[in-house]
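Observations on chain architecture
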Amino acid sequence: MAASATTHGGSGGQNYGRLFVILWIGISVVATPLTTIVLGRNIPPGNGSTEATSQVLDNQVLLAVSTPIAVFVLLFLGFALTVFRARGPELVDGPPVRGDSRIQILWLVVTTTTVLFLAAFGTFELFDAAGAGAGQGPSPAFLPDKHASALDVQVIAQQWEFTYRYPGSGGVETPHLVLPAHTLIRLHVTSLDVVHSFWAYELGVKADANPGTDNVVYVTTNGPRSFHIRCAELCGLWHGYMFDTGRVVPAAQFASWTTAQQATFKPVQQYLPPYATTYLPDPQRRAG
Ligand SMILES: [Cu+2]
C-alpha cells in the first residue's frame, strides 16, 4: 500500500503538473501562429468585400484565443489516458483534490477574462462602421462613413428564386445580381412570401429576407470577381435549388450592363409595381 501511496503523492502530482504546464505553453506557442496565420488566411468567407476581410480577421482572433484552449483540453486528455491512468489489478482512484484556492482563482480569472474579452470584441466588431455584413433592419443603428452616396440594390426573395431591382436605373428588375467594383452598396433585402435568407458567401453577407421588411445591409465590394448566392433559410420544397452566381464588375461595365438590362426587361417593366422598399399585401396571395 505504501508504494501505491507514493505514486499518488503530492510530489509526483506536482511534477506532472509542471510538465503539463511546460508542454501546454510550448505546444500553444507553436500551434497558435500556425492556426492563426497559416490556416487563418484561408478561413471563410475570404476577401470578396471589406466586410468579408473583417470577418476573416474576426475568425483569426477567435482561432488565436481558442487554440491554447483546444491544446489544453487535448493535452489533458493525453495525460489522463497515459500518466494519470490507474494501473495494476487494483483499480483505485487517486485522492480527490478539494479546496485548492490557487486553482479555483486561476480558473475563475482565466475563464472570466476570456469570456469578457470575446464579448467586448464581438460587440465592438458589431458596432464597427464597416458593419458585420448582416442585415440591420429598416433603419440601421450603425452606418458606414459614406452611406449617403451608397448604391441602392434591392434583393427580392420568393419561392424559389432571387430577383434584384435597381432603383437608380429606373427600378429595373432582373434575375441577375451584378455590382460595381470598389463601391459601397446598400442592399435592401425583402421577401414576397415566406422567410428566406440572402447569403452572398464571398461578400460576407447573410441577411434575413422577411415579407414586409426592408432589411438593410451595407457591403463594400472589392475588385472584379464572381460570388456564390444561396438561400440560407429552409423556405419550402425547392429551397435547395435557390442559388445563383453574382458578379462584381468594373464600374464602366456596370453602367453598360444596367442600360442593357433596362432594354431587355422594358416589356415587363409596365407590369411591375413601382419600386418600393417592401411589397405588400402580396404574401398571402403568393404563398397560397
Ligand atoms: Cu429561400
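Residues numbered from 1 in each chain as written. Predicted model: local features only at pLDDT ≥ 70, side-chain atom pairs only at ≥ 80, totals over all residues.

Focus on the sheet that holds strand E4 (residues 178–180)
Heads up, the rule is: Any two strands with at least two DSSP bridges between them are considered paired. Only DSSP runs of H or I with at least four residues qualify as helices, and only runs of E with at least two residues qualify as strands; both kinds are numbered from the N terminus onward. Every axis corresponds to a line fitted to the C-alpha atoms, with the helix fit spanning only the stretch in contact, and the corresponding angles, defined between N-to-C directions, vary from 0 to 180 degrees. C-beta atoms are placed from the backbone for every residue, and two residues are taken to be in contact when these atoms lie within 7 Å.
The strand order across the open sheet formed by 5 strands is E4-E10-E9-E6-E7, and the pairing between neighbours is mixed. If you trace the sheet from one side to the other, it starts and ends with E4 and strand E7 (205–209), each paired once. The average undirected angle you get between the axes of adjacent strands in this sheet is 20°. Along the sheet, helix H5 (residues 251–264) makes contact with E4 and strand E10 (243–249), crossing E4 at roughly 140°.

A short note on the sheet that holds strand E3 (residues 172–174)
Here 5 strands make up an open sheet; going across it, the order is E3-E2-E1-E5-E8 and the pairing mixed. Edge positions in the open sheet fall to E3 and strand E8 (215–220), since each of these has one partner strand only. Neighbour to neighbour, the strand axes of the sheet diverge by 25° on average, direction disregarded. Two elements, strand E5 (residues 184–191) and E8, share 6 bridges in a ladder whose sense is antiparallel. Residue pairing for E8: Ile185 is matched across the bridge by Val219.

Looking at unusual backbone geometry
Omega for the peptide link from Pro44 to Pro45 comes to -5°, which places this bond in the cis form. Note on placement: Pro45 falls in the loop between helix H2 (10–39) and helix H3 (50–81). Note that the residue after Gln159, namely Trp160, is joined by a cis bond; omega there is 0°. Assignment of secondary structure puts Trp160 in the loop between strand E1 (151–158) and strand E2 (161–166).

Things to note about the confidence of the model for the chain
Under the convention used in this document: As a per-residue measure, pLDDT reflects the predictor's confidence and takes values from 0 up to 100.
Averaged over every residue, the pLDDT of the chain is 86; the share at 70 or more is 90%. For residues 1–10, every residue scores under 50 in pLDDT, and the model assigns this stretch 3 contacts once sequence neighbours within four places are set aside.

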